[in-house]
Amino acid sequence: AQSVAQPEDQVNVAEGNPLTVKCTYSVSGNPYLFWYVQYPNRGLQFLLKYITGDNLVKGSYGFEAEFNKSQTSFHLKKPSALVSDSALYFCAVRGPNRDDKIIFGKGTRLHILP
Amino acid sequence: DAGITQSPRHKVTETGTPVTLRCHQTENHRYMYWYRQDPGHGLRLIHYSYGVKDTDKGEVSDGYSVSRSKTEDFLLTLESATSSQTSVYFCAISETSTRDSQETQYFGPGTRLLVL
């Protein structure tokens, strides 16, 4: 069975500092991995995804994520946080089989402190 | 929100009444999904559709039914609403041009449902 975990309910980062939002996963086979962001009273917005290839994936708004197969992780990162990055972030995973569905993590609330 | 609208955006209803939520897309995408979002649970898949009249169950389908008579519309019905179905409901769509592009989902703005 596939699963995804976001170990931190909330992350606080000072503006201008680097940020990391953690995600670990479990699937049988090669994973499809995603990050989405949700701003208040809005739907989720796609940030980036890993399908295959380069382990470092670049996405929207200056975010990137690193796929680490040995640690089964896909942490979201940004070199310099902005107050406007404050939002709810979801990691998601899908297994390689046709019948596999995307599973979302429970979300991590990111607070960027001015 | 990627050409996806949901209606109504807010609804208050009473236990035992049927409720239908509508998702409408202008992207002509084949796949459509209904999720519910609850604190501590993230997003959970209720039902999804892979074409007109083709639907399947997700993780939390009990008490819900869906219909898709046209590519652009995907309806979610709570047959007899219960307080446990108080939630925020999101519709999502995804492309079909390649298997990889199929994986990216685009979400609607959500419907906030309160069952009293």
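Computed from a predicted structure; not experimentally measured. (Residues numbered from 1 in each chain as written. Chains lettered and ligands numbered in written order. Predicted model: local features only at pLDDT ≥ 70, side-chain atom pairs only at ≥ 80, totals over all residues. Heavy atoms only, no water.)

A. Focus on the pattern of salt bridges. All names here are of chain B. Inspection of the entire model under this criterion finds 7 salt bridges over all chains. We note a salt bridge from D73 to R22, for which the minimum N-O separation is 3.1 Å. Of this pair, D73 sits in strand β8 (residues 73–78) while R22 sits in strand β3 (residues 19–25); the two residues are 51 residues apart in sequence, bridging distant segments of the chain. Each of R22, K70 and D73 takes part in salt bridges that share partners, so that together they form one network. (Salt bridge = Lys/Arg side-chain N within 4 Å of Asp/Glu carboxyl O. Helix = DSSP H or I, 4+ residues; strand = E, 2+ residues; numbered from the N terminus.)

B. Unusual backbone geometry, seen in detail. Cis geometry is adopted by the peptide bond preceding P8 of chain B, which originates at S7 of chain B and carries an omega value of -10 degrees. Positive phi is not limited to glycine here, since Y61 of chain A has a value of about 60 degrees. Relative to the assigned elements, Y61 of chain A resides in the loop between β7 (56–58) and β8 (64–68). For Y61 of chain A, a relative accessible area of 48% translates into the label partly exposed. Located in the positive-phi region is T72 of chain A, a residue other than glycine, with phi close to 45 degrees. As for its position among the elements, T72 of chain A is in the loop between β8 and β9 (73–78). By relative accessible area, T72 of chain A is classed as partly exposed at 30%. (Buried < 20%, exposed > 50% of the residue type's maximum accessible area, 1.4 Å probe, protein only.)

C. Up close: the interface of chain B and chain A. Between chain B and chain A, the residue contacts involve 21 residues of the former and 23 residues of the latter. The interface formed by chain B and chain A contains 0 salt bridges. Taken together, chain B and chain A are joined by 4 residue pairs in polar contact (both at pLDDT 80 or more). For the side of chain B that touches chain A, the elements supplying multiple residues, two or more each, are β4 (31–38), β5 (42–51), α1 (99–102) and β10 (105–107) of chain B. Partitioned by chemical class, the residues of the side of chain B that touches chain A number 7 nonpolar, 8 polar and 6 charged. (Contact = heavy atoms within 4.5 Å. Polar contact = N/O pair within 3.5 Å; in protein donor to acceptor, adjacent residues only side chain to side chain. Nonpolar A, V, L, I, M, F, W, Y, C, P; charged D, E, K, R; others polar.)

D. Quick peek at the pairing of strand β9 (residues 87–94) of chain B. All names here are of chain B. The buried count for β9 comes to 8 of 8 residues, which makes it a mostly enclosed element. With burial as the criterion, each face of β9 is covered, one bearing S87, Y89, C91 and I93 and the other bearing V88, F90, A92 and S94. Relative to β9, β4 is paired through 7 bridges, and the arrangement is antiparallel. Among the inter-strand pairings, Y33 is bridged to a residue of β9, identified as A92. With 3 bridges connecting them, β9 and strand β11 (residues 111–115) associate as antiparallel partners. (Pairing = 2+ DSSP bridges.)

E. Layout of a nonpolar patch on the surface. Together, V12, L114 and L116 of chain B make up a nonpolar patch on the protein surface, roughly 280 Å² of accessible area in all. Mapped onto the secondary structure, L114 of chain B falls in strand β11. (Patch = residues over 30% accessible without salt bridge, like charges linked within 9 Å, V, L, I, M, F, W, Y side chains within 5 Å. Areas by Shrake-Rupley, 256 points an atom, 1.4 Å probe, with all protein chains shown as cover.)

F. Molecular detail of the confidence of the model for chain A. Averaged over all residues, the pLDDT of chain A equals 93, while 100% of them reach at least 70. Across chain A, β9 of chain A holds the top mean pLDDT of 98, while strand β11 (residues 103–104) of chain A sits lowest at 92. (pLDDT = per-residue confidence, 0-100.)

G. Quick look at the confidence of the model for chain B. Looking at chain B as a whole, its pLDDT mean stands at 91, while 92% of the residues score no less than 70. When pLDDT is averaged over each element of chain B, β8 of chain B comes out on top at 98 and α1 of chain B at the bottom at 54.

H. Structural context of the environment of S26 of chain A. All names here are of chain A. Along the chain, S26 falls in strand β4 (residues 24–26). Expressed as a C-alpha distance, the spacing of S26 and S70, which sit 44 residues apart in the sequence, is 11 Å. The residues touching S26, leaving out its near neighbours within four places in the chain, are A1, Q2 and S3.

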